[in-house]
Amino acid sequence: MPALVLLGAQWGDEGKGKATDLLGGSVDYVVRYQGGNNAGHTVVVGDQKYALHLLPSGILSPGCTPVIGNGVVVDPAVLLSELSGLNERGVDTSKLLVSGNAHLITPYNVTLDKVGERFLGKRKIGTTGRGIGPTYADKINRVGIRVQDLYDESILTQKVEAALELKNQLLAKLYNRRAIDPAKIVDEMLAYAEQIKPFVADTTLILNNAIDEGKVVLFEGGQGTLLDVDHGTYPFVTSSNPTAGGACTGAGVGPTKINRVIGILKAYTTRVGAGPFPTELFDKDGEALRTIGGERGVTTGRDRRCGWFDAVIARYATRVNGLTDFFLTKLDVLTGWEQIPVCVAYEIDGKRVEELPYSQSDFHHAKPIYEMLPGWTEDISKAKTFSELPKNAQAYVKALEEMSGAPISAIGVGPGRDETIEINSFLS
Ligand code: GDP
Ligand code: IMO
Ligand code: MG
């Protein structure tokens, strides 16, 4: 099983960090292929809790080589501080590889992300303010700065000057901000260059060779399917492709090399930031999911919006990613409800709709059609096998599997590495 993709099947925060970390001990490479430090992945190892933003979750597994692929946007200051934070806690980060083709998040793009959101007022996306959108926009506009540019001062200077020529007009004339001096940006970037240099590599070559040699490579998505710029709830999305195809472009590995695509699926639904969310709850059930599930953003500290499980979205994730398996997380959070509503379809303008509508206006009008499934009260956090789950919890999992279109191969019953029920091995 040389190459697997692990990605979010909903709006992010499904528990990708835990799932990647769980597999990390058995894989040779863990690769981030898109996004940047907008991600917030919590990994709990024993009594230690780690919050990772930019680094792949595999960095916590000693035998594993963590890789930041070409499709990622890298804030060099965040990279270095995340590395030193882990080093202080005794984590060896020396194996990290960073693609020379990855784009850099520069301070002016962080500023533009923040002032741009303010400018949008109530039409804002609710971004993480980390400079993600403006950096990907620069990449597509061909005015981006790449990791490799740090090692050619003259090219770096030319590129920063070219980028700021337009951006300074925007900052000064539209946003009423002081123009930024290109020389200052170049100096700041150059100050990071030497510290990052040991990690910079031709990651595409290394990863393709590794797969050809039968090594196990895991591609770890940030964000989630519904936040994908092409397949998500545009424009309320992030600016990259967390869906499975993004692993190919964001790491330089062809689709024929990928054997398995695992969707991480929360047993209910959450979302951070603005945008449609049919099963969102505004009552005490929503508050209970938030409190019991600890649904507060790892990156921005914002409360996550919470709602019931949405099977329409899960089916859509199966379709656009070609999912082979699901990893169902946070089943333990649902313990204690007498009945658990699950959205099986939408009602849109009086009609029952089974598939995610492609029209933005239709999705904004979608009303969930719920089926009630019986709940359970027993503590499930110690369950190690499927048969140890209460009958109603088993039935809940089976019903979700039936509705979602791919087998559920693992179930999370707590945040810790060992609080997982494995049904089918992901690596066989
Ligand atoms: P990610 O962005 O997809 O990696 O997810 P986050 O780390 O942002 O949010 C998931 C949260 O749920 C984290 O606090 C995890 O420690 C926690 N978590 C993951 N799996 C489980 C689970 O099965 N049960 C419980 N109770 N918590 C979990
Ligand atoms: P992980 O990897 C949840 C959301 C933001 C905002 C939108 C665009 O932890 O699942 P951006 O800063 O990316 O331009 O913001 O995307 N968002 C996330 N929501 N989990 C994430 O990452 C997210 N990364 C971005 O809240 O709505
Ligand atoms: Mg997260």
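Residues numbered from 1 in each chain as written. Chains lettered and ligands numbered in written order. Predicted model: local features only at pLDDT ≥ 70, side-chain atom pairs only at ≥ 80, totals over all residues. Heavy atoms only, no water.

- Per an unreviewed UniProt entry, the recorded name for the protein chain is Adenylosuccinate synthetase, and the organism is Streptomyces luteireticuli.
- Taken directly from UniProt, the Pathway (unreviewed entry) text for the protein chain runs: "Purine metabolism; AMP biosynthesis via de novo pathway; AMP from IMP: step 1/2." (UniProt positions renumbered as here; feature names shortened; annotations may be inferred.)

Here we look at the pattern of salt bridges
Part 1 of the argument: Overall, the coordinates contain 18 salt bridges when judged by the stated rule.
Part 2 of the argument: Measuring nitrogen to oxygen at the nearest pair gives 2.8 Å for the salt bridge that ties Arg260 to Asp325. Of the two residues, Arg260 is situated in strand 11 (residues 260–266) and Asp325 in strand 15 (residues 325–329); the sequence distance between them amounts to 65 residues. Asp325 matches Arg260 in its accessibility class, with the two residues each being buried.
Part 3 of the argument: In this structure, Arg352 and Glu354 form a salt bridge, with 2.8 Å as the shortest nitrogen-oxygen distance.
Part 4 of the argument: Residues joined by salt bridges that share partners form a network here, namely Asp13, Lys266, Glu295, Arg304 and Lys330. (Salt bridge = Lys/Arg side-chain N within 4 Å of Asp/Glu carboxyl O. Helix = DSSP H or I, 4+ residues; strand = E, 2+ residues; numbered from the N terminus. Buried < 20%, exposed > 50% of the residue type's maximum accessible area, 1.4 Å probe, protein only.)

What about the nonpolar core?
Part 1 of the argument: Counting residues in each nonpolar core, the largest one holds 59 residues, and the members touching the most others are Phe219, Leu289, Leu331, Leu334, Leu389 and Tyr396.
Part 2 of the argument: Here this core takes six residues from helix 12 (residues 391–404), the largest share from any one element.
Part 3 of the argument: The residues contacting Phe219, other than those within four sequence positions of it, are Ala3, Leu4, Val5, Leu6, Val31, Tyr33, Ile211, Ala247, Ala251, Val253 and Ile258.
Part 4 of the argument: Counting residues in each nonpolar core, the second largest holds 34 residues, with Ile68, Ala102, Leu104 and Ile145 among its members. (Core = buried A, V, L, I, M, F, W, Y, C linked by side-chain atoms within 4.5 Å. Contact = heavy atoms within 4.5 Å.)

Considering the site of ligand 2
Part 1 of the argument: Around ligand 2, a shell composed of 20 residues is seen, among which Asp13, Lys16, Thr128, Gln223 and Thr238 lie nearest.
Part 2 of the argument: Here an oxygen atom of ligand 2 and a backbone polar atom of Asp13 are 2.8 Å apart.
Part 3 of the argument: Of the residues contributing to the shell around ligand 2, the split by class is six nonpolar, 11 polar and three charged.
Part 4 of the argument: Formed jointly, the shell around ligand 2 draws a minimum of three residues from each of two domains, domain 1 (3–91 + 202–422) and domain 2 (103–198). (Near = heavy atom within 4 Å. Polar contact = N/O pair within 3.5 Å; in protein donor to acceptor, adjacent residues only side chain to side chain. Nonpolar A, V, L, I, M, F, W, Y, C, P; charged D, E, K, R; others polar. Domains from an automatic or database assignment.)

So, helix 12
Part 1 of the argument: Given a rise of 1.5 Å per residue, 14 residues ought to cover 20 Å, and the 20 Å separating the end C-alpha atoms of helix 12 matches this to within 8%.
Part 2 of the argument: Within helix 12, burial applies to Ala393, Gln394, Tyr396, Val397, Ala399, Leu400, Glu401, Met403 and Ser404. (Expected span 1.5 Å × (residues − 1).)

Concerning the sheet that holds strand 20 (residues 420–422)
Part 1 of the argument: The strand order across the open sheet formed by 10 strands is 9-7-5-2-10-1-11-15-19-20, and the pairing between neighbours is mixed. At either end of the open sheet lies a strand with only one pairing partner, and these are strand 9 (200–201) and strand 20.
Part 2 of the argument: In terms of strand pairing, strand 1 (residues 3–8) meets strand 11 through five bridges, oriented parallel. Bridging across to strand 11, Leu6 finds its partner in Ile262. (Pairing = 2+ DSSP bridges.)

Description of the environment of Thr256
Part 1 of the argument: On the secondary structure map, Thr256 appears in the loop between helix 8 (245–251) and strand 11.
Part 2 of the argument: According to the relative accessible area criterion, Thr256 is exposed, its value standing at 78%.
Part 3 of the argument: The spatial distance from the C-alpha of Thr256 to the C-alpha of Gly133 is 30 Å, given a sequence separation of 123 residues.

Regarding helix 6 (residues 182–196)
Part 1 of the argument: Taking 1.5 Å of rise per residue, 15 residues should cover 21 Å, and helix 6 covers 21 Å from first to last C-alpha, within 8% of that figure.
Part 2 of the argument: In this structure, the buried residues of helix 6 make contact with helix 2 (76–88), strand 8 (103–104), helix 3 (107–120), helix 5 (153–174) and strand 9.
Part 3 of the argument: The N-terminus of helix 6 is capped by Asp181, whose side-chain oxygen sits 3.1 Å from the backbone nitrogen of Ala183.

Regarding the UniProt feature "active site" (unreviewed entry) in the protein chain
Part 1 of the argument: According to UniProt, the feature "active site" (unreviewed entry) maps to Asp13, His41 and Lys139 in the numbering used here. These residues run over 127 residues, and the two farthest C-alpha atoms among them are 25.9 Å apart, placing them at more than one spot.
Part 2 of the argument: Structurally, Asp13 is set in the loop between strand 1 and helix 1 (16–24).
Part 3 of the argument: Residue Asp13 is classed as partly exposed on the basis of its relative accessible area of 21%.
Part 4 of the argument: Contacts of Asp13, omitting those with residues within four sequence positions, involve Gly40, Lys266, Thr270, Val272 and Arg304.
Part 5 of the argument: Inspection of the secondary structure assignment puts Lys139 in helix 4 (residues 132–141).
Part 6 of the argument: What makes Lys139 partly exposed here is its relative accessible area of 28%.

Section: the domain arrangement of the protein chain
Part 1 of the argument: Taken domain by domain, the protein chain holds domain 1 (3–91 + 202–422) and domain 2 (103–198).
Part 2 of the argument: Just the C-alpha atoms count here: the centres of domain 1 and domain 2 sit 29 Å apart.
Part 3 of the argument: Of the roughly 1,800 Å² buried at the junction of domain 1 and domain 2 (both faces included), carbon and sulfur atoms supply 63%.
Part 4 of the argument: Per-residue buried area on domain 1 facing domain 2 is highest for Val73, Pro76 and Leu80; these three make up 31% of the total on that side.
Part 5 of the argument: Viewed at the interface, domain 2 and domain 1 are joined by zero salt bridges.
Part 6 of the argument: Put simply, domain 1 and domain 2 have eight residue pairs in polar contact (both at pLDDT 80 or more) between them.
Part 7 of the argument: For the side of domain 1 that touches domain 2, the secondary-structure elements that each account for two or more residues are strand 6 (73–74) and helix 2. (Buried area = accessible area lost by both parts, 1.4 Å probe.)

Quick look at the site of ligand 1
Part 1 of the argument: Around ligand 1 lies a shell of 19 residues, among which Lys16, Gly17, Gly40, Thr42 and Asp332 are the nearest.
Part 2 of the argument: Backbone polar atom of Thr42 to an oxygen atom of ligand 1: 2.7 Å apart, as the coordinates give it.
Part 3 of the argument: At a separation of 3.2 Å, an oxygen atom of ligand 1 approaches a polar backbone atom of Gly412.
Part 4 of the argument: Summarising the interface, the protein chains cover 92% of the accessible area of ligand 1, which totals 590 Å² for the free molecule.
Part 5 of the argument: The greatest single-element share of the shell around ligand 1, amounting to three residues, is contributed by helix 1.
Part 6 of the argument: Residue composition of the shell around ligand 1, grouped by class: four nonpolar, eight polar and seven charged. (Areas by Shrake-Rupley, 256 points an atom, 1.4 Å probe, with all protein chains shown as cover.)

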